[in-house]
Amino acid sequence: MRNPMQTMATCFEQVALFFPSGDPKLQESFEQRAAYLDSRNYAREILADTLKEYHQHLGSKAETFQMIEELRQKETLTVITGQQAGILTGPLYTLYKAMTTILLAKEQREKLGRPVVPVFWIAGEDHDWLEIRETYILSSEGKPIPCRLSGDGGGESVGHQKVPAWETIEAQLLEMPDSEFRSSVLKKCRQLTEQAENLTQWFALTLQWLVYKWGLIFFDPMLPEFKRLAAPLYEQIIKMQVDIREALAERTKEWVALGFEAQIKPIGGEVNLFLSVPERRGILYSDGAFYLRGRKESWNLDALNSLLTQAPERFSPNVVTRPVVQEFLFPTLAYVPGPGELNYWAQLGEVFTTLGFVMPILFPRLSAVVLTASWQKFLSKQALTIEDVYSGLEDYRNRYVREQDTLNIDDRFQRFREEIAKGYAELKPLEEIHVNVHDWLIRNEEKVNFQLDYLKAKIWQAQRKGCNDILNRLQQLEDGITPHQSRQERVLNPLSFVIRYGDSFVDRVAQIPIRDFREHRILL
């Protein structure tokens, strides 16, 4: 499958159809998008009032409240990103998304000469418990250790889930390495955990702490005021659900034809909205009636719209319609996606058009790999590169162990095996003694060779044990750079490095050029 982020960065013209607001590398795209947004209207006062109250509960800094006030002005635009409410912010790429959004908003404020504010949409309506229930932090031995939430979420939105007691979280973090920052980091995590009322707020408080120096507006779509604001769009989505499915199918077919993967794979009948009962279930349409996935109860169009009017808080968008709800609520100059999100956003252009909108600029988040000083030094000493680690170090391990063999283990065993074969060949004439001697010799030689293989394996095991220092360092490299055979930014929590470097770690992230669209830049 083709890589959409690489294609967008190197030959945007090949995918321009799927990203109608233009090439994110060109300032002209931002200027044209801003002019388009000036022609639209937004419920800015309600939006700002609700955000102001929400951020008072978060204890946000004065600069954040100033940006919220700017949203009341017609000329103010937003740069938005979003993510599920993971434990302690979830993986590193959440921080990378937030920082890209902050820096892009700052850049465009300067270049456009008008207010542009960063917004983080917390997907608190999401009910995919497996997506958020665990995160990983490097232990003092350099191994990724899990921090997990208990239970299964019960199918309810994450925003309805309670924050666990700090003691259950702390018990899982005790293996973090000691450092000058450890005590203050754990103290802050405890404070935020005890302050939060639900998992969405816990996420917001933790990420706000990490980027506090810069300021970031958080959006919780589960707040009743926002639900009421979005209700007219939900009504339109229900009314146009057939057209939306067709628009999605059309653009998806074109995307796949170019060799890309379809991230959104409908199975049929989706209205592309959820209803909470209280567990969150997809609304489907079939034979002139609406019903919930896995339920028999049904509604006609009037009854469903009546329910929407009475209880908009029970409705929420899915992956197809959430970006359009964002467009409906915010003057979105650009959205900052990860690689996977680029795939599904590329399928949505016609959905936006069908509902009367134009998709915002898609500006890929920064991607980086953190190298500690010790990892960097060891890579250099072993003449290894990051690409070598990404490819896997098992062959290097085996080669290293063999290079330390000064006694020619394999040659000695091979010569011994040849001598054994000669010895059994000399015994072959004895087969004349009895008809069974032939089988006895074969079985006996097999046993001897089996024992020889066993002995050889044990000797190599001992040889490998003698190389344990280097082998353990190689394992630490993989655990730190490609934990669980995945990318570091997809597994490790930011605390893995905040615990080592304190606030300066986030400062380092903020120094990465956001317009360098290469994947996995090195962060030292």
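About the criteria used
- Residues numbered from 1 in each chain as written.
- Predicted model: local features only at pLDDT ≥ 70, side-chain atom pairs only at ≥ 80, totals over all residues.
- Heavy atoms only, no water.
- Buried < 20%, exposed > 50% of the residue type's maximum accessible area, 1.4 Å probe, protein only.
- Helix = DSSP H or I, 4+ residues; strand = E, 2+ residues; numbered from the N terminus.
- Pairing = 2+ DSSP bridges.
- Arc of directions from axis to C-beta.
- Core = buried A, V, L, I, M, F, W, Y, C linked by side-chain atoms within 4.5 Å.
- Contact = heavy atoms within 4.5 Å.
- Salt bridge = Lys/Arg side-chain N within 4 Å of Asp/Glu carboxyl O.
- Phe/Tyr/Trp six-rings, centres within 6.5 Å; stacked < 30°, edge-to-face > 60°.
- Lys NZ or Arg CZ within 6 Å of the ring centre and 35° of its normal.
- 1 Å grid on protein atoms, 1.4 Å probe; cavity = no way out; pocket = protein on both sides within 12 Å on 5 of 7 lines; lining within 4 Å.
- Points joined across faces, edges and corners; volume = space filled by probe spheres on them.
- Nonpolar A, V, L, I, M, F, W, Y, C, P; charged D, E, K, R; others polar.
- Axes fitted to C-alpha atoms, helices over the stretch in contact; angles between N-to-C directions.
- Parallel < 35°, antiparallel > 145°, perpendicular 65-115°, else oblique.

1. Here we look at the pairing of strand β3 (residues 134-138)
Reasoning step 1: In terms of burial, β3 is a largely internal element, four of the five residues being buried.
Reasoning step 2: Pairing between β3 and strand β4 (residues 144-148): five bridges, direction antiparallel. Within β4, the position partnered with L138 by the bridge is P144.
Reasoning step 3: Here β3 folds back onto β4, and the loop between the two strands holds five residues, one of which, G142, carries a positive phi near 80°.

2. Focus: helix α18 (residues 394-403)
Reasoning step 1: Residues Y396, R397, Y400 and V401 constitute the buried set of α18. Take α18 and look down its axis: the buried residues cluster within an arc of 135°, on one side only. The exposed residues of α18 that point more than 90 degrees off its buried face are D395 and E403.

3. Structural notes on the nonpolar core
Reasoning step 1: The biggest cluster of nonpolar side chains holds 164 residues, and the ones touching the most others in it are F19, F330 and F505.
Reasoning step 2: If one sorts the elements of this core by residue count, helix α5 (residues 92-112) sits on top with ten residues.
Reasoning step 3: In this structure, F330 is in contact with Y42, L47, L51, L71, T78, I80, V119, W121 and F219, ignoring residues within four places of it in sequence.

4. Concerning unusual backbone geometry
Leave glycine aside and you will find that most residues have negative phi; peptide bonds, for their part, are mostly trans.
Reasoning step 1: With an omega dihedral of 10°, the bond running from V277 to P278 counts as a cis peptide bond.
Reasoning step 2: Mapped onto the elements, P278 comes out in the loop between β6 (270-276) and β7 (280-286).
Reasoning step 3: Within the chain, L88 stands out as a residue other than glycine whose phi angle is a positive 50°.
Reasoning step 4: Along the chain, L88 turns up in the loop between β1 (77-83) and α5.
Reasoning step 5: Of note in the backbone geometry, D287 takes a positive phi value of approximately 55° without being a glycine.

5. Notes on the pattern of salt bridges
Reasoning step 1: One pass over the structure, following the stated rule, counts 29 salt bridges.
Reasoning step 2: Salt-bridge contacts for E45 lead to R72; the nearest nitrogen and oxygen are separated by 2.6 Å. Residue E45 is located in helix α3 (residues 44-58), and its partner R72 is located in the loop between α4 (62-70) and β1; the two are separated by 27 residues in the primary sequence.
Reasoning step 3: For E45, a relative accessible area of 44% translates into the label partly exposed.
Reasoning step 4: Residue R72 is classed as partly exposed on the basis of its relative accessible area of 22%.

6. Here we look at the packing of aromatic side chains
Reasoning step 1: Evaluation of the coordinates by the stated rule reveals 16 aromatic pairs.
Reasoning step 2: Ring centres 5.2 Å apart and planes at 80° place the aromatic pair F219 and F330 in the edge-to-face group. Residue F219 is found in strand β5 (residues 217-219), and its partner F330 is found in the loop between α13 (322-329) and β11 (332-335); the two are separated by 111 residues along the sequence. With respect to class, F219 is no different from F330; both count as buried.
Reasoning step 3: Ring centres of W375 and F497 lie 6.3 Å apart, and the angle between their planes is 90°; on these two criteria the pair is classed as edge-to-face. Of the two residues, W375 sits in helix α16 (residues 373-381) while F497 sits in helix α23 (residues 495-501), which places them 122 residues apart along the sequence. There is no split in this pair, since W375 and F497 are both buried.
Reasoning step 4: One aromatic cluster is present, formed by F12, F18, F19, W255 and F260 through successive ring pairs.
Reasoning step 5: Sitting over the ring of Y390, R487 keeps its end group 3.8 Å from the ring centre.
Reasoning step 6: Note that R508 overlies the ring of Y501, its terminal NZ or CZ placed 4.2 Å from the centroid.

7. With respect to the layout of surface pockets
Reasoning step 1: Of the volumes computed, that of the largest pocket is approximately 1,200 Å³.
Reasoning step 2: Contributing to the lining of the largest pocket are 42 residues, with Q84, D126, N318, V319 and Y344 lying nearest its centre.
Reasoning step 3: For the lining of the largest pocket, the elements supplying multiple residues, two or more each, are β1, α5, α11 (241-257), β6, β7, α13 and α14 (339-345).
Reasoning step 4: Taken together, the residues that form the lining of the largest pocket break down as 18 nonpolar, ten polar and 14 charged.
Reasoning step 5: A volume near 320 Å³ is recorded for the second largest pocket.
Reasoning step 6: Every residue lining the second largest pocket is counted, 17 residues in all, and those nearest its centre are P91, Y93, E131, E134 and R490.
Reasoning step 7: Those elements that provide at least two residues to the lining of the second largest pocket are α5, α6 (129-132), β3 and α22 (488-491).
Reasoning step 8: Residues that form the lining of the second largest pocket fall into these classes: seven nonpolar, seven polar and three charged.

8. Observations concerning the sheet that holds strand β2 (residues 116-122)
Reasoning step 1: In spatial order, the strands read β5-β2-β1-β11-β12; together these five strands make up an open sheet with parallel pairing. Looking at the sheet topology across the chains shown, the edges are occupied by β5 and β12 (361-362).
Reasoning step 2: Of the strands in this sheet, β2 and β5 touch α3, which is tilted by about 105° from β5.

9. Quick word on empty space enclosed by the protein
Reasoning step 1: By the definition in use, this model includes two cavities of 30 Å³ or more.
Reasoning step 2: Considered as a void within the structure, the largest cavity measures approximately 50 Å³ in volume.
Reasoning step 3: Forming the boundary of the largest cavity are W121, E125, F219, P221, F226, K227, A230, Y234, P317, V325 and L329.
Reasoning step 4: Listed by contribution, the elements that provide at least two residues to the lining of the largest cavity are α10 (224-239) and α13.
Reasoning step 5: The element that contributes the greatest number of residues to the lining of the largest cavity is α10, accounting for four residues.
Reasoning step 6: Here the residues of the lining of the largest cavity are counted per class, giving nine nonpolar, no polar and two charged.
Reasoning step 7: What the second largest cavity holds in volume is close to 40 Å³.
Reasoning step 8: The wall of the second largest cavity is formed by S60, K61, T64, Q208, V211, Y212, G215 and L216.
Reasoning step 9: Its residues assigned to classes, the lining of the second largest cavity comprises three nonpolar, four polar and one charged.

10. Some words on the packing of α18 against helix α21 (residues 468-481)
Reasoning step 1: Packing of α18 against α21 leaves a shortest axis separation of 11 Å and a crossing angle of 170°. As summarised for this structure, α18 and α21 are arranged roughly antiparallel, according to the angle between their axes. Side by side, α18 and α21 meet where Y396, R397, Y400 and V401 of the first sit next to I470, L471, L474, Q475 and E478 of the second.
Reasoning step 2: Class assignment for the residues of the contact of α18 with α21 results in six nonpolar, one polar and two charged.

It is worth stressing that arrangement in space is one thing and function is another; only the former is reported here.
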